[in-house]
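Tertiary structure, described
Listed below are the residues making up each chain.
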Amino acid sequence: MDVGIALSERIRSSGEEVAFDLPGAAEQVLRTDKYDTIYYHLRKPDGSALAGDPGLPPVPKGLVPEDGVIAYDGVYRGQPIRAIALLVPCGGQICTVQVAETTNKRRKLARNIVLSSLVPELLITLATLALVWFGVKRGLAPLEDLSNEIRARSARDLRPIDPGHAPEEAAPLVGALNQLFGQVAEASSNQQRFLANAAHQLRTPLAGLQAHTEIALAQSETSLAQGMPEDIRAQLEQMHRATIRTARLANQLLALARSEPGGYRADAFAPINLRAVVEEVADEWVHRALAKEIDLGFELAAVQIQGDAVLLREALGNLIHNALEYSSPSGRVTVRTGMRNDHPFLEVEDDGPGIPPAEREQVLERFYRVNGTAGTGSGLGLSIVREIAAAHRAQIDIGSGEGARGCKVGLTFPHG
Amino acid sequence: MITRVRILIVEDDAALASGIARILEGEGHAVDVMAKGEQAVLGARQERFDMMILDVGLPGIDGFEVLRRLRAAGDRTPVLVLTARDALDDRIHGLDLGADDYMAKPFAMPELAARVRALVRRSQAQTGPKIVHGPLVLDTLARRAQLVGAPLDLAAREWAVLEVLLARVEKIVSKEAIIQAVANWGEELTPNAIEVYVSRLRAKLEPAGVKIRTVRGFGYMLEEYREKKAGQ
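As the structure is a computational prediction, the values presented were derived from the model and not from experiment.

Topic: the overall build of chain A
- A count of helical and extended segments in chain A gives eight helices and 14 strands.
- In terms of C-alpha radius of gyration, chain A reaches 50 Å, well past the compact-globule figure of 22 Å for 416 residues.
- Considered along the principal axes of its C-alpha atoms, chain A spans approximately 170 × 50 × 35 Å.
- By residue count, 42% of the 416 residues in chain A fall in the buried class.

So this is what it looks like as structure tokens:
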């Protein structure tokens with residue numbers, strides 16, 4: 001523009017004659033630029049060239065001058081150029097002064113402008129994104145923790161959630177959840193109380209029945225000698241066996257109800273030494289084993305788990321009961337506790353007939369009894385063990401004993 | 001031998017109470033039956049019983065409360081608690097309150113009878129210097145032992161092991177427990193050593209019918225002495 005004005009000032013006109021006079025040194029100065037090449041062209045009113053570079057592209061038609069200037073883009077000598085055209089009065093007519101420069105500087109400038117504005121903007125955007133991501137993540141982390149905590153719970157775990165762990169916004173949710181947990185826990189403890197009462201109501205008369213059948217049986221020994229018919233004695237024995245079975249069935253049904261979700265409280269779980277659980281009930285089982293002349297032995301290592309002692313005793317009792325029931329007289333039953341492959345375990349092994357591999361899944365079902373067995377079982381024992389294993393997140397495995405004989409049932413607990 | 005003892009049964013279920021009473025009478029004991037807790041507290045205050053069988057689930061004050069009141073009054077009568085609940089809490093609670101043994105209903109009568117004998121024996125052993133187990137008599141004051149009336153020679157360690165087993169007839173005593181009871185301060189005793197003492201004891205006692213059972217991997221149990229029936 002400046003170049004254009006400077007050039008237009010050098011146009012001399014006298015009448016029809018238009019002349020241009022630019023000293024060589026001045027032209028040099030005008031054309032000098034660090035980055036770009038500058039071109040100019042002066043046209044007389046009739047369009048003929050007066051001076052400069054005649055090859056500059058003419059002003060495109062249809063462009064309207066603004067303040068006497070037309071700006072346009074074009075190509076000259078194979079390079080993009082930015083050009084202006086000044087309409088200058090000369091000799092009562094209009095001359096055109098075209099000045100063009102290559103766009104190196106412009107592009108560089110434009111690039112600089114773009115770079116200098118885009119890069120910080122990009123950085124700001126990235127920083128904002130990172131901040132938002134971090135903020136959202138951080139903001140949602142407590143919610144995530146809360147979800148994980150709830151997801152990780154077993155159906156038996158009804159402890160209230162610690163509101164201190166939850167974000168403030170989630171407080172009403174946590175409150176509502178805790179209220180629900182409370183109601184479920186309350187319902188579950190009501191059921192517990194009901195079970196305790198039912199147990200009392202059932203067991204006491206059963207104990208009485210058992211006492212009297214045992215007395216009658218003991219007396220029948222002398223009565224037999226005094227001429228009591230043999231079949232009465234046989235009936236007494238039947239009654240006695242039925243009583244024992246009924247008592248055991250009542251115990252098992254209660255145990256099953258207790259070991260189901262809702263039957264007990266997970267917060268009753270405490271650190272327990274498996275070895276101590278076995279030692280506590282060992283007396284009782286040793287006596288029963290002695291009565292059958294079975295060698296009941298122990299291989300116990302102390303090992304700690306989180307558990308419910310009552311349920312574990314029940315599971316152990318069922319396993320030992322089965323082992324004693326199905327072992328032949330003078331058989332061998334072994335109870336083991338300890339660590340195996342980093343996991344606490346409890347297992348009972350016998351040398352009885354064992355459980356065929358095809359039936360090992362089914363025996364865990366309620367009321368299932370192995371084909372052709374002579375025992376008086378209800379088919380509940382192992383399903384109780386399974387429930388109790390589930391309550392402790394323990395894995396239950398049924399296999400053969402030593403030398404592929406007998407039966408081995410084991411519970412493997414999660415890390416202690 | 002066990003002398004005739006007086007036993008109080010506190011049980012509100014009439015059938016069960018009469019059943020237990022008949023069994024214990026059959027064993028030669030004198031038995032009283034009460035159905036209420038308050039009655040039992042009064043009864044125990046007025047008369048001396050050698051032991052008490054106490055049900056937890058009584059109408060009115062429950063068995064635990066009866067036990068608490070007895071012990072608070074300084075009554076040391078051995079108590080066997082019966083409960084229809086089998087929660088461990090019940091058992092621990094009962095033992096904390098001073099119960100001497102615990103049985104969950106329903107139970108086999110021979111087992112009840114054996115527990116009663118053990119409790120009576122324990123309470124009598126505490127009152128005298130003599131421990132009697134069938135044909136075996138240990139005079140703890142004179143430190144003299146007799147078997148079927150004849151003097152029995154026991155080494156100090158054998159005596160100590162036998163005493164531990166006699167204190168817990170019909171109960172398994174772990175090897176560790178025996179070592180703890182027998183070893184002198186600062187002395188190391190191996191389970192193998194205990195095995196040696198037990199086998200020596202067996203050699204001396206078994207001919208007279210006193211049996212020590214091995215519970216594989218656990219320990220030993222002195223069996224209740226059963227007199228051979230007449231004619232055998």
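Past the structure itself, the notes keep going.
Observations regarding the sheet that holds strand β6 (residues 130-133) of chain B
Residues and elements named next belong to chain B.
- Pairing in this open sheet of four strands is antiparallel, and the strands run β6-β7-β8-β9 from one edge to the other. Edge positions in the sheet fall to β6 and β9 (150-152), since each has one partner strand and no second. Across this sheet, the average inter-strand angle for adjacent strands is 25 degrees, counted without regard to direction.
- With respect to the sheet, helix α6 (residues 156-167) is in contact with β6, β7 (136-139) and β8 (144-147), its orientation differing from that of β7 by roughly 110 degrees.

Quick notes on the nonpolar core
- Core analysis: the largest hydrophobic core is formed by 51 residues, its most contacted members being Leu296, Phe298, Leu316, Val335 and Leu382 of chain A.
- In this structure Leu382 of chain A touches Leu319, Asn322, Ile355, Val363, Leu364, Ile398 and Val409 of chain A, once residues within four positions along its chain are discounted.
- Residues Ile131, Leu147, Ala160 and Leu201 of chain B belong to the second largest nonpolar core, which totals 31 residues.

Some details on the pattern of salt bridges
- Enumeration according to the criterion identifies 28 salt bridges over all chains in this entry.
- Between Asp295 of chain A and Arg216 of chain B there is a salt bridge whose closest N-O contact spans 2.9 Å. One end of the pair, Asp295 of chain A, is in strand β9 (residues 295-300); the other, Arg216 of chain B, is in the loop between β11 (212-215) and β12 (219-222), on a second chain.
- Since its relative accessible area comes to 29%, Asp295 of chain A is described here as partly exposed.
- Given the relative accessible area of 17%, Arg216 of chain B is considered buried.
- Asp101 of chain B is the salt-bridge partner of Arg115 of chain B, the closest N and O atoms lying 3.1 Å from each other. Placement of the pair is Arg115 of chain B in helix α5 (residues 109-127) and Asp101 of chain B in strand β5 (residues 101-104), with a sequence separation of 14 residues. Residue Arg115 of chain B shares its accessibility class with Asp101 of chain B, and that shared class is buried.

As for the packing of aromatic side chains
- This model, assessed by the stated rule, comprises two aromatic pairs over all chains.
- Relative to Tyr76 of chain A, the ring of Tyr39 of chain A has its centre 4.6 Å away and its plane inclined at 80 degrees; by these criteria the two rings are edge-to-face. With a gap of 37 residues between them, Tyr39 of chain A in strand β3 (residues 38-43) and Tyr76 of chain A in strand β5 (residues 69-76) connect regions that are remote in the sequence.
- The exposure class assigned to Tyr39 of chain A is buried, which follows from its relative accessible area of 4%.
- Relative to Phe218 of chain B, the ring of Phe298 of chain A lies with its centre 5.3 Å away and its plane at 85 degrees, an arrangement referred to as edge-to-face. Residue Phe298 of chain A is found in strand β9, and its partner Phe218 of chain B is found in the loop between β11 and β12; the two belong to separate chains. The exposure classification of Phe298 of chain A matches that of Phe218 of chain B, with both residues buried.
- Sitting over the ring of Trp285 of chain A, Arg288 of chain A keeps its end group 4.7 Å from the ring centre.
- When the ring centre of Phe345 of chain A is taken as origin, the NZ or CZ atom of Arg340 of chain A, which lies over that ring, is 3.9 Å away.

Some words on a positive patch on the surface
All names here are of chain A.
- On the surface, a cluster of positive charge is made up of Lys34, Arg107, Lys108 and Arg111.
- Locating Lys108 in the fold gives a position in helix α3 (residues 104-152).
- According to the relative accessible area criterion, Lys108 is partly exposed, its value standing at 36%.

A closer look at the interface of chain A and chain B
- With 39 residues of chain A at the interface, the matching set in chain B holds 32 residues.
- Across the chain A to chain B interface the summed buried area is about 3,000 Å²; carbon plus sulfur atoms make up 54%.
- If you look at where chain A meets chain B, you find three salt bridges.
- Put simply, Glu293 of chain A and Arg213 of chain B hold a salt bridge, and the shortest N to O gap is 3.9 Å.
- Between chain A and chain B we count 12 residue pairs in polar contact (both at pLDDT 80 or more) in total.
- At the level of secondary structure, the elements contributing two or more residues to the side of chain A that touches chain B comprise α4 (171-225), α5 (230-259), α6 (274-291), β9, α7 (309-326) and β11 (332-340) of chain A.
- Looking at the side of chain A that touches chain B element by element, the count peaks at 15 residues for α4 of chain A.
- Counted by class, the side of chain A that touches chain B contains 16 nonpolar, 10 polar and 13 charged residues.

A word on the environment of Ala141 of chain A
- One can find Ala141 of chain A in helix α3.
- Distance from Ala141 of chain A to Lys34 of chain A, taken between C-alpha atoms, is 58 Å for residues 107 residues apart in sequence.

Notes on the domain arrangement of chain A
- Domain assignment breaks chain A into domain 1 (2-102), domain 2 (188-259) and domain 3 (269-412).
- Using C-alpha coordinates to define each centre, domain 1 of chain A is positioned 108 Å away from domain 3 of chain A.

Considering helix α2 (residues 37-46) of chain B
Residues and elements named next belong to chain B.
- Among the residues of α2, those classed as buried are Gly37, Ala40, Val41, Gly43 and Ala44. Taken down its axis, α2 places every buried residue within 165 degrees of arc, on the same side. Those residues of α2 that are exposed and angled more than 90 degrees off the buried face are Arg45 and Gln46.
- In this fold, the buried residues of α2 make contact with β1 (6-10), β2 (30-34), β3 (51-55) and α3 (63-72).

Focus on unusual backbone geometry
- With an omega of -10 degrees, the peptide bond between Lys105 of chain B and Pro106 of chain B qualifies as cis.
- Among the structural elements, Pro106 of chain B can be located in the loop between β5 and α5.
- A positive phi is found at Ser330 of chain A, a non-glycine position, where the angle reads about 60 degrees.
- As for its position among the elements, Ser330 of chain A is in the loop between α7 and β11.
- Despite not being glycine, Val148 of chain B shows a phi value in the positive range, around 45 degrees.
- With respect to the helices and strands, the residue Val148 of chain B is situated in the loop between β8 and β9.
- Its relative accessible area of 60% is what places Val148 of chain B among the exposed residues.

The rules behind each value
Throughout this description, residue numbers start from 1 for each chain and increase along the sequence as written. Key to labels: chains lettered from A, ligands numbered from 1, both in the order written. In view of the model being predicted, local features appear only for residues whose pLDDT reaches at least 70, and side-chain atom pairs are presented and counted only at 80 or more, with totals across whole chains, interfaces and linings using the full set of residues. Excluding hydrogens and water, the side-chain values take into account all heavy atoms of the structure. For helices the rule is a DSSP run of H or I covering at least 4 residues; for strands it is a run of E covering at least 2, with both sets numbered from the N terminus onward. To get the radius of gyration, use the C-alpha atoms; to get the globule rule, take the number of residues to the power 0.38 and multiply by 2.2 Å. In this scheme, a residue with accessible area under 20% of its type's maximum is buried, one over 50% is exposed, and one in between is partly exposed, where area comes from a 1.4 Å probe on protein chains only. One requirement defines pairing of two strands: DSSP has to find at least two bridges between them. Helix axes are fitted only over the stretch in contact, all axes being lines through C-alpha atoms; the angle between N-to-C directions runs from 0 to 180 degrees. Note on contacts: a residue pair is in contact if any heavy atoms of the two residues lie within 4.5 Å. The definition of a nonpolar core used throughout is a set of buried Ala, Val, Leu, Ile, Met, Phe, Trp, Tyr and Cys residues joined through side-chain atoms within 4.5 Å. What counts as a salt bridge is simple: a side-chain nitrogen of Lys or Arg found within 4 Å of a carboxyl oxygen of Asp or Glu. Ring pairs shown here join Phe, Tyr and Trp side chains whose ring centres sit within 6.5 Å, with only the six-membered ring taken for Trp; geometry is labelled stacked below 30 degrees between planes, edge-to-face above 60, and tilted in between. Charge-over-ring placement is defined geometrically: NZ (Lys) or CZ (Arg) within 6 Å of the ring centre, and within 35 degrees of the ring normal. Only residues whose relative accessible area exceeds 30% and that form no salt bridge enter a patch; like-charged residues are grouped when within 9 Å of one another, and nonpolar side chains (Val, Leu, Ile, Met, Phe, Trp, Tyr) when within 5 Å. Note on areas: Shrake-Rupley with a 1.4 Å probe; residue coverage comes only from the protein chains shown. Charge counting follows a simple rule: Lys and Arg are positive, Asp and Glu are negative, and His as well as the terminal groups are ignored. Lys charges are placed at NZ, Arg charges at CZ, Asp charges at CG and Glu charges at CD. Each of two parts loses accessible area, computed with a 1.4 Å probe, when they are put together; buried area is these two losses added. Think of a polar contact as two N or O atoms within 3.5 Å of one another; within protein, one of them needs to be a possible hydrogen donor and the other a possible acceptor, and neighboring residues in sequence only count if both atoms come from side chains. Put simply, Ala, Val, Leu, Ile, Met, Phe, Trp, Tyr, Cys and Pro go in the nonpolar bin, Asp, Glu, Lys and Arg in the charged bin, and everything else, Gly too, in the polar bin. Either an automatic procedure or a domain database provided the assignment from which the domain bounds are taken. What the arc measures is the spread of directions leading from the helix axis to the C-beta atoms.

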